[in-house]
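In case you want the letters, here they are:
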Amino acid sequence: MVNATQALNLVFEALVYPGLLFTIVLVIATQWYSRKIAGRIQYRRGPTYTGPAGFLQPLADLIKLVSKEDLVNEYGLRKSPVVVAALAIGALIALMLVTPLAYSPVMAPYDIIIVIYIILLSPLALAYLALSQPNPYSGLAVGRYLALLISADPAYTAALLTPIILAGRHFSTWFSLYATSTVADRLWILSPASFIGMALAAVGGFIGLLAILMIKPFDFPEAESELYWGLFTELGGPRLALAFFLKFVEDILMPLIYVMLFLGGPWPAPYSNWWLSAIVVLLKYWVVLTIIRLIENSMPRYRPDQGVKFLWKYLYPISFLALIVAIIA
Amino acid sequence: MAFGMIFDPYEFVALMSGLIALIGLSVYVVFYELFQEAAGRKVAEEGTPIRYYPVMGGWDADISETPAIGRLVVDILQRAWKNASKVLSRGAKAYMRDWYVYAYIVLLALVVAALMVR
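Reading the values: the criteria
- Residues numbered from 1 in each chain as written.
- Chains lettered and ligands numbered in written order.
- Predicted model: local features only at pLDDT ≥ 70, side-chain atom pairs only at ≥ 80, totals over all residues.
- Heavy atoms only, no water.
- Contact = heavy atoms within 4.5 Å.
- Buried area = accessible area lost by both parts, 1.4 Å probe.
- Polar contact = N/O pair within 3.5 Å; in protein donor to acceptor, adjacent residues only side chain to side chain.
- Nonpolar A, V, L, I, M, F, W, Y, C, P; charged D, E, K, R; others polar.
- Pairing = 2+ DSSP bridges.
- Helix = DSSP H or I, 4+ residues; strand = E, 2+ residues; numbered from the N terminus.
- Axes fitted to C-alpha atoms, helices over the stretch in contact; angles between N-to-C directions.
- Parallel < 35°, antiparallel > 145°, perpendicular 65-115°, else oblique.
- Left-handed = near helix turned anticlockwise from the far one by under 90°.
- Buried < 20%, exposed > 50% of the residue type's maximum accessible area, 1.4 Å probe, protein only.
- Salt bridge = Lys/Arg side-chain N within 4 Å of Asp/Glu carboxyl O.

Chemist: Looking at this structure, how should I read the interface of chain A and chain B?
Modeler: The accessible area lost on association of the parts is a frequent measure of interface size. In this complex, chain A contributes 76 residues to the contact, which on the side of chain B involves 51 residues. Counting the surface lost from both chain A and chain B, the interface buries some 5,500 Å², and carbon and sulfur atoms represent 77% of this. It is E69, Y75 and M107 of chain A that lose the most area in chain A upon contact with chain B, and together they represent 10% of the buried surface on that side. At the surface where chain A touches chain B, the tally comes to nine residue pairs in polar contact (both at pLDDT 80 or more). Considering only residue class, the side of chain A that touches chain B consists of 53 nonpolar, twelve polar and eleven charged. Two elements, strand β1 (residues 106–107) of chain A and strand β1 (residues 5–6) of chain B, share two bridges in a ladder whose sense is parallel. In the strand pairing of β1 of chain B, V106 of chain A is matched with M5 of chain B.

Below, the structure is given as structure tokens:
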């Protein structure tokens, strides 16, 4: 059990660093950066008006949205979608405590199962938020989103489990996410078989990451040319702000987990030096974010059936082959 | 591994649930209730009759229809796997109505049960 000092420590971690406050700062920074990249690719300047170089524009957008009246039509659900979205945001931010960004990371044997379960809350909350007000376009988007998740999530989970199993078998890391990240660099050089497993899982994990985050070419649930704004069509004011907040935190957490498992975690920093580990992990995360944004702004979009077929045809074999290699290697 | 806080899985679940509730409540209070109280709810309620009605394309839509989500998912998967879904539906039509298929399934279940209780 936790004593009083540890409890205070956990509350500080949850609400300040690397929890709520730090995540808000990170959301502002990543959104500003993403919009600048999109602007550069589309021959625009991106945000310029609010703050130095437009850095505070995402914060201004957030404040504008949450200050609006919460308007719900007479057929819509009133409180529950807001509560569900807030809890889902809380779930993703709580997971920041199991990353090397935390100065006192939290871990447990087999915690990866719980982490995967908690990650799943966010798409469900997004779907619930979209369906909370009747709109045919939101309904179509949720159908597409669920088809995408069914086609991506199991294989993505298999890809995540590959380094966890390898580390658990060779380094006694108790199938824990944080503990695996401390040996993630060594998983690539254990043996030729482990290298093959890690390479396959890294490819599968990246494709799964793009699909789960609805990055092009897998953004058909929010295809604005067909479905207005997909999942976000009927949302406005504080509900849209919470949906965006949830999506943006997901955009931070999922690549962070990818960095922890496939890109060596805090390596070359010693994991016991938390601030150096945090800086290294953030730098690696920034590289992954840049690649994701470049892909997002330069790829066309799949039709739903094309996207789903691609995932079944390539992501599943790659990820499950990686998992089998990890089990028998 | 001595770095960080190590819990057993049950404590970890309880801890994460508590943290999720704490952060979720903070997000709800700060980003919803606080801003709504400070600004959102102060917007005057101008009682136009269509204020809370669904509006489609600028027109008041009396009841907005939502498509069947499950059917959509099945439709997308069927389009993705055209041949497989054809074979499956034909096979289901051709074989699954015959009594001996069910007899085979029962027989198989008996064999599995026999092996398990052996």
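Chemist: Looking at this structure, I do not really get the packing of helix α11 (residues 237–262) of chain A against helix α12 (residues 274–298) of chain A. What am I missing?
Modeler: For any two helices packed against each other, the geometry comes down to the angle between their axes and how far apart the axes lie. All names here are of chain A. Packing of α11 against α12 leaves a shortest axis separation of 9 Å and a crossing angle of 115°. On the basis of the axis angle, α11 is roughly perpendicular to α12. Pair α11 / α12 crosses with right-handed handedness. Facing α11, whose interface residues are D251, I252, P255, L256 and V259, α12 presents V281, K284, Y285, V288, I292 and R293. For the contact of α11 with α12, the per-class residue count stands at eight nonpolar, no polar and three charged.

Chemist: Can you help me understand unusual backbone geometry in this one?
Modeler: Across residues other than glycine, the phi torsion is negative in most instances, and most of the peptide bonds are trans. All names here are of chain A. At the junction of Y17 and P18, the peptide bond is cis and its omega measures out at 0° in the coordinates. Tracing the sequence through the fold places P18 in the loop between α1 (4–15) and α2 (20–41). Residue P217 is reached from K216 by a cis peptide bond, and omega for that bond is 10°. Structurally, P217 can be placed in the loop between α9 (192–212) and α10 (224–227). Although it is not a glycine, S172 adopts a positive phi angle of roughly 50°. In this structure, S172 sits in the loop between α6 (136–171) and α7 (177–181). The backbone phi angle of W174 is positive, close to 55°, even though this residue is not glycine. Here W174 lies in the loop between α6 and α7. Residue class for W174 comes out partly exposed when judged on its relative accessible area of 30%.

Chemist: When you look at the pattern of salt bridges in this model, what are you seeing that I'm missing?
Modeler: Pairing between side chains becomes possible if they bear opposite charge and their charged atoms approach one another. Residue and element names in this part refer to chain A. For the coordinates displayed, the defined rule picks out ten salt bridges over all chains. A salt bridge links R239 to D70; the shortest N-O distance between them is 2.7 Å. Remark: D70 occurs in the loop between α3 (57–66) and α4 (80–94) and R239 occurs in helix α11; sequence separation between them is 169 residues. Considered together, R239 and D70 belong to a single accessibility category, that of buried residues. As a salt-bridge pair, D251 and R293 come within 3.2 Å of each other at their nearest N and O atoms. Taken as a pair, D251 in helix α11 and R293 in helix α12 lie far apart in primary sequence, 42 residues in all. Comparing D251 with R293, the two get one shared label, buried. Here the salt bridges do not stand alone but share partners, grouping K247, D251, R293 and E296 into one network.

Chemist: Can you walk me through the side chain of T30 of chain A in this structure?
Modeler: Looking at where T30 of chain A falls in the secondary structure, it is placed in helix α2. Those residues in contact with T30 of chain A that lie beyond four places of it in its chain are I252, Y285, W286 and L289 of chain A.

Chemist: What am I meant to see in the packing of helix α5 (residues 111–131) of chain A against helix α1 (residues 9–38) of chain B here?
Modeler: Packing of α5 of chain A against α1 of chain B brings their axes to within 10 Å, and their N-to-C directions diverge by 30°. Between α5 of chain A and α1 of chain B, the angle is such that the two are roughly parallel. Crossing hand, α5 of chain A versus α1 of chain B: right-handed. Residues D111, I114 and I118 of chain A of α5 of chain A touch α1 of chain B, and the partners they reach there are P9, F12, V13, M16 and I20 of chain B. Looking at the contact of α5 of chain A with α1 of chain B residue by residue, the class counts come to seven nonpolar, no polar and one charged.

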